[in-house]
Amino acid sequence: EPEVTQTPSHQVTQMGQEVILRCVPISNHLYFYWYRQILGQKVEFLVSFYNNEISEKSEIFDDQFSVERPDGSNFTLKIRSTKLEDSAMYFCASSSRDRGHYGYTFGSGTRLTVV
Amino acid sequence: QQQVKQSPQSLIVQKGGISIINCAYENTAFDYFPWYQQFPGKGPALLIAIRPDVSEKKEGRFTISFNKSAKQFSLHIMDSQPGDSATYFCAGSQAGTALIFGKGTTLSVSS
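Residues numbered from 1 in each chain as written. Chains lettered and ligands numbered in written order. Predicted model: local features only at pLDDT ≥ 70, side-chain atom pairs only at ≥ 80, totals over all residues. Heavy atoms only, no water.

**Details of the sheet that holds strand β8 (residues 72-77) of chain B**
Residue and element names in this part refer to chain B.
Move 1: Taken in spatial order, the 5 strands of this open sheet run β1-β3-β8-β7-β6, and their pairing is antiparallel. Edge positions in the sheet fall to β1 (4-7) and β6 (56-59), since each of these pairs with one other strand and no more. The average undirected angle you get between the axes of adjacent strands in this sheet is 15 degrees.
Move 2: As judged from the 4 bridges shared by β1 and strand β3 (residues 19-25), these two strands associate in the antiparallel manner. What sits directly across from Lys5, in β3, is Ala24. (Pairing = 2+ DSSP bridges. Helix = DSSP H or I, 4+ residues; strand = E, 2+ residues; numbered from the N terminus. Axes fitted to C-alpha atoms, helices over the stretch in contact; angles between N-to-C directions.)

**Side note on a nonpolar patch on the surface**
Move 1: Side chains of Ile18, Ile20 and Met78 of chain B sit close together on the surface and give an oily, nonpolar patch of about 240 Å² of accessible area.
Move 2: Here Met78 of chain B shows up in the loop between β8 and β9 (86-92). (Patch = residues over 30% accessible without salt bridge, like charges linked within 9 Å, V, L, I, M, F, W, Y side chains within 5 Å. Areas by Shrake-Rupley, 256 points an atom, 1.4 Å probe, with all protein chains shown as cover. Salt bridge = Lys/Arg side-chain N within 4 Å of Asp/Glu carboxyl O.)

**Some thoughts on the state of the cysteines**
Residues and elements named next belong to chain A.
Move 1: Taken as a whole and judged by the stated rule, the model has 2 disulfides over all chains.
Move 2: A disulfide bridge connects Cys23 with Cys92, and the sulfur atoms are separated by 2.0 Å. Torsion about the S-S bond of the Cys23 and Cys92 cystine: about -65 degrees, corresponding to left-handed handedness. One end of the pair, Cys23, is in strand β3 (residues 19-24); the other, Cys92, is in strand β9 (residues 88-96), and 69 residues separate them in sequence. (Disulfide = S-S within 2.5 Å.)

Taken by themselves, the reported measurements are silent on function.
Below is the structure:
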């Protein structure tokens, strides 16, 4: 079964540093998403991306965050100047055109720890 | 307006019993209601989903019951097994916009 692949699985970074989280969506999917989950809490929407631009973003997704699809396969989330409260699991997801935003497939996540 | 409220926060069920998790939504424009299952260290995985034009959907041991007038929907897991022990999230979405998740229910099925 096709998978969404995320790397790294765990990232530890110093407060104030920049991190890039990487995702390889399912190859024929056209909608891409980032969500985050603070330990023990609900899954929160960050941003959706379609046709090489942001289609929707939450209030969490401020100027500290950016997304990019640098080539035909990768989808990245950049967090500039990380804060302690950015520590969370970050999940990438993708879905196909024929199902629109429905039927997401999530990756296994990147655990980001800011120290 | 965007919230999805989920209960209970945790649930312990005997093997073979029925697990019931409830969700309530506020946004009447939501047109897609999925349930996701998450095991520790993994991402959420789609379990079953329903649209508001039907009142019930069943897939194997998993059933969604949907009450449009009450803006509520629930997941029923029949013949619960230890392998069903996981965190379950309900969610809602409007016309292809982002999924809004509930806070999750941790289910433990005791053998």
